[in-house]
Amino acid sequence: MKIAVIQGPNLNMLGIREQHIYGPMSLDQIHEQMKGSASQNGVELEFFQSNLEGELVDRIQECLGTVDGILINPAAFSHTSIAIKDALSAVNLPTIEVHISNIYKREEFRQKSITAGSSTGVITGFGPFGYHLGLIALTQIVAEVKAVEAQQTEAQAEVAE
Ligand code: DQA
């Protein structure tokens, strides 16, 4: 199983930016931890971070046919980007949106996520541990999707016989 981990603007500054909100861990450290738990479950992760909306849209489009699910923190673009929401809807893959902070506890402009409407589920407010929770949830969802697809293929083969 392959999962794309897509990180939006300013998340490359984790460990430096607003530590009282986002904590001391760097993005590399978070990704290293994720790799550890993913490999134990036979999950391959592809990491990508960009500060540019168009690059994030391109990366989401590339997910079609190449990965089984998307774990995404669109960061500030969550609150503004119809383009990222549309890209997620277009590829229509199991998707979990993660926020390190609890966006519902913060400024009003952060309390609405446009992109979340194209996600299977949202995890917010658990710190970097949210990525771990998201990975567990996504692995389970993708496994269920694959099981249903396998059943359908089997049923179609029986009908064809
Ligand atoms: C964030 C929350 C966003 O409002 C903010 O712009 C971010 C990070 C989070 O992970 O808590 O950059 O997505």
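Calculation criteria
Residues numbered from 1 in each chain as written. Predicted model: local features only at pLDDT ≥ 70, side-chain atom pairs only at ≥ 80, totals over all residues. Heavy atoms only, no water. Helix = DSSP H or I, 4+ residues; strand = E, 2+ residues; numbered from the N terminus. Buried < 20%, exposed > 50% of the residue type's maximum accessible area, 1.4 Å probe, protein only. Near = heavy atom within 4 Å. Polar contact = N/O pair within 3.5 Å; in protein donor to acceptor, adjacent residues only side chain to side chain. Areas by Shrake-Rupley, 256 points an atom, 1.4 Å probe, with all protein chains shown as cover. Pairing = 2+ DSSP bridges. Right-handed = clockwise from strand over helix to strand, strands pointing away.

1. What to know about the environment of G54
Piece 1. Mapping G54 onto the fold places it in helix α3 (residues 53-62).
Piece 2. A relative accessible area of 42% places G54 in the partly exposed class.
Piece 3. The spacing of G54 and A83 is 29 residues in sequence and 8.2 Å in space, taken between C-alpha atoms.

2. Focus: the site of the ligand
Piece 1. Lining the immediate environment of the ligand, one finds R17, Y22, N73, A75, A76, H79, H99, I100, S101, R106 and R110.
Piece 2. Between an oxygen atom of the ligand and a side-chain N or O atom of H99, the distance comes to 2.8 Å.
Piece 3. A distance of 2.7 Å separates an oxygen atom of the ligand from a polar backbone atom of I100.
Piece 4. Summarising the interface, the protein chains cover 98% of the accessible area of the ligand, which totals 320 Å² for the free molecule.

3. A look at the pairing of strand β4 (residues 95-99)
Piece 1. Of all five residues making up β4, five are buried, and the element is well covered by its neighbours.
Piece 2. Neither face of β4 is open: one carries T95, E97 and H99, the other I96 and V98, and all of them are buried.
Piece 3. The pairing of strand β3 (residues 69-73) with β4 spans three bridges and is parallel. For I72, the partnering residue across the bridge sits in β4 and is E97.
Piece 4. In terms of handedness, the path from β3 via helix α4 (residues 82-91) over to β4 forms a crossover that is right-handed.

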